[in-house]
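# Breakdown of the fold
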Amino acid sequence: MSDPWLIVGLGNPEARYARNRHNVGYMVLDVLAERTGSRFSNHKKARARVAEGRLGMMSGGAPGPRVILAEPSVLMNLSGGPVAGLVSYYGLDPATRLLVIHDELDLPAHELRLKRGGGEGGHNGLRSISKSVSTKDYARLRVGIGRPPGRQDPSGFVLSDFPGRERADLAVTLEQAADAVEQVVTLGLDAAQQRLHAPR
């Protein structure tokens, strides 16, 4: 049996942040938990809420690979500690079995991109994870939220809610993001990238 995938969604844990653009990683994990039929509970060793299940379906109809869905229970900037704790607890190689889902200012709203490694682009959650797991070479699913309008401060923008006019688009984006995660764990990152990034 191959090792499970650790799928981490980034966000801030308090209820007041729940609908923020910065919490889109949490939102995608909620969709994935529904698909796997699993529920989140507090992990006994790491500061995170975790749900475990199987995602997708393999050729021939076999259940998809085992996944560990994790939402760090700390503020975004401290995400690395819980992620490193989970990587250690499950004995995983972050370069091959860690996928982090996060908001991305440098992509147009609702655009999705998969990548492995690279810089953090000023994202403090990613910076914390890279430092704590001692590598940048883990997979990321970037969920575009676009740049703030006018002179609005980016930190205020990411901590503001998605507007009502975007809710229908957001629902579609979350399902498409969950599809991309499912393809990563069942087909591999390269194949999932080719599907996601193919011209439409």
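Anyway, here's the lowdown on the structure attached to this text. (Residues numbered from 1 in each chain as written. Predicted model: local features only at pLDDT ≥ 70, side-chain atom pairs only at ≥ 80, totals over all residues. Heavy atoms only, no water.)

## Focus: the overall build of the chain
Helix and strand counts for the chain come out as seven helices and seven strands. When its helices and strands are written in sequence order, the chain yields β-α-β-β-β-α-α-β-β-α-β-α-α-α. Since a compact globule built from 200 residues should have a radius of gyration of about 16 Å, the 16 Å found for the chain is in line with a globular shape. The principal-axis extent of the C-alpha atoms belonging to the chain is close to 50 × 40 × 30 Å. Taking all 200 residues of the chain together, the buried fraction comes to 52%. Within the chain, counting contacts between residues at least 6 apart in sequence, those at least 24 apart form 69% of the total. Looking at charge distribution, the chain has the averaged site of its 26 positive side-chain charges lying 3 Å from that of its 21 negative ones. (Helix = DSSP H or I, 4+ residues; strand = E, 2+ residues; numbered from the N terminus. Rg over C-alpha atoms; globule rule 2.2 N^0.38 Å. Buried < 20%, exposed > 50% of the residue type's maximum accessible area, 1.4 Å probe, protein only. Contact = heavy atoms within 4.5 Å. Lys, Arg positive; Asp, Glu negative; His and termini not counted. Charge placed at Lys NZ, Arg CZ, Asp CG, Glu CD.)

## What to know about the sheet that holds strand 2 (residues 41–42)
Ordered by their spatial adjacency, seven strands build an open sheet running 2-3-4-1-5-7-6, and the pairing between neighbours is mixed. Edge positions in the sheet fall to strand 2 and strand 6 (112–116), since each of these pairs with one other strand and no more. The sheet contact formed by strand 1 (residues 5–9) and strand 5 (residues 98–104) spans four bridges and is parallel. By the bridge assignment, G9 is partnered in strand 5 with I101. Against the sheet, helix 4 (residues 124–133) engages strand 5 and strand 7 (139–144), with an angle of about 155° to strand 5. (Pairing = 2+ DSSP bridges. Axes fitted to C-alpha atoms, helices over the stretch in contact; angles between N-to-C directions.)

## A word on the pattern of salt bridges
A full pass over the atoms with the stated rule returns 10 salt bridges. Taking the shortest distance from any N to any O, the salt bridge between E71 and R49 comes out at 2.6 Å. Pair noted here: E71 is in strand 4 (residues 66–72) and R49 is in strand 3 (residues 48–54), with a separation of 22 residues, a long-range link. Note that K136 and E120 form a salt bridge whose closest N and O atoms lie 3.9 Å from each other. Taken as a pair, K136 in the loop between helix 4 and strand 7 and E120 in the loop between strand 6 and helix 4 lie far apart in primary sequence, 16 residues in all. (Salt bridge = Lys/Arg side-chain N within 4 Å of Asp/Glu carboxyl O.)

## Details of the side chain of R140
Here R140 shows up in strand 7. For R140, which is buried and forms no salt bridge, the nearest opposite charge comes from E120, at a distance of 4.9 Å. At a separation of 3.0 Å, a polar atom in the side chain of R140 contacts the main-chain carbonyl oxygen of K136. (Polar contact = N/O pair within 3.5 Å; in protein donor to acceptor, adjacent residues only side chain to side chain.)

Keep in mind these numbers describe shape, not what the thing actually does.
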